[in-house]
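Report on the structure
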Amino acid sequence: MRAILADGRTIVWSGLAFAALTIGFGIWIQQYDLHIIDEISDPGQIRSVVAAMTPEQMAAHWRMTLSLDFFYPLAYGAFFAGLALRYFGAAGLWVAVPSMIVVPADLVENTVQLFILSGDQSLIGVKAIATPIKLVSFIVAGIIAIAAMATAAYRRLPRLSED
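Residues numbered from 1 in each chain as written. Predicted model: local features only at pLDDT ≥ 70, side-chain atom pairs only at ≥ 80, totals over all residues. Heavy atoms only, no water.

Another point: the packing of helix α4 (residues 55-66) against helix α7 (residues 97-117). Put simply, α4 and α7 touch, their axes get as near as 10 Å, and they point 160° apart. What the angle tells us is that α4 and α7 run roughly antiparallel. With respect to the hand of their crossing, α4 and α7 are arranged in left-handed fashion. Contacts between α4 and α7 involve M58, H61, W62, T65 and L66 on the former and, on the latter, N110, Q113, L114 and L117. A per-class count over the contact of α4 with α7 returns 5 nonpolar, 4 polar and no charged. (Axes fitted to C-alpha atoms, helices over the stretch in contact; angles between N-to-C directions. Helix = DSSP H or I, 4+ residues; strand = E, 2+ residues; numbered from the N terminus. Parallel < 35°, antiparallel > 145°, perpendicular 65-115°, else oblique. Left-handed = near helix turned anticlockwise from the far one by under 90°. Contact = heavy atoms within 4.5 Å. Nonpolar A, V, L, I, M, F, W, Y, C, P; charged D, E, K, R; others polar.)

Have a look at this one:
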């Protein structure tokens, strides 16, 4: 699996998927005028945001979570992990750990959101735990990915000779 994630084609395709899905979220959110619950972990605030949604907005958020948001962690997880594995050598496996944490955390969060948006708030406490784990590990994995891209760019710079 490490070789597949670190492969240049995998990094490019997962990066393109990550970008396309990010744009898709923006379009979807604008089209349905959504206030999404993806970054909210406080149960009271989640309940308040969901209560303020129209049935059409709740259905649109549910469809977005089941479609775009199911593939999103797979895309950014592969992209972030692939960059870490490719550009940080032997340490790459350890540096990719946040990418390995964020994917299941996001998928758990998405599953709970589907229940919440369907009217079942019995698992809202799970979201209160999964969302902060997702957000922190996403930020850390993203910073590592930026460092990996900077490393890649540095390695491609022409070297000045000392003649």
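Having seen it, we continue.
Moving on, we get to the side chain of N110. By secondary structure assignment, the location of N110 is in helix α7. Aside from chain neighbours lying at most four places away, what touches N110 is D38, T65, D69, F70 and P73.

Moving on, we get to the pattern of salt bridges. Inspection of every chain in the model, using the stated rule, returns 3 salt bridges. Note that R9 and D7 form a salt bridge whose closest N and O atoms lie 3.2 Å from each other. Taking relative accessible area as the criterion, R9 reaches 61% and is therefore assigned exposed. For K127, the salt bridge identified is with E109, shortest N-O distance 3.0 Å. Of the two residues, K127 sits in helix α8 (residues 124-156) while E109 sits in helix α7, which places them 18 residues apart along the sequence. Of the two residues examined, K127 and E109, each falls in the buried class. One continuous salt-bridge network, built from bridges that share partners, spans E109, K127 and K134. (Salt bridge = Lys/Arg side-chain N within 4 Å of Asp/Glu carboxyl O. Buried < 20%, exposed > 50% of the residue type's maximum accessible area, 1.4 Å probe, protein only.)

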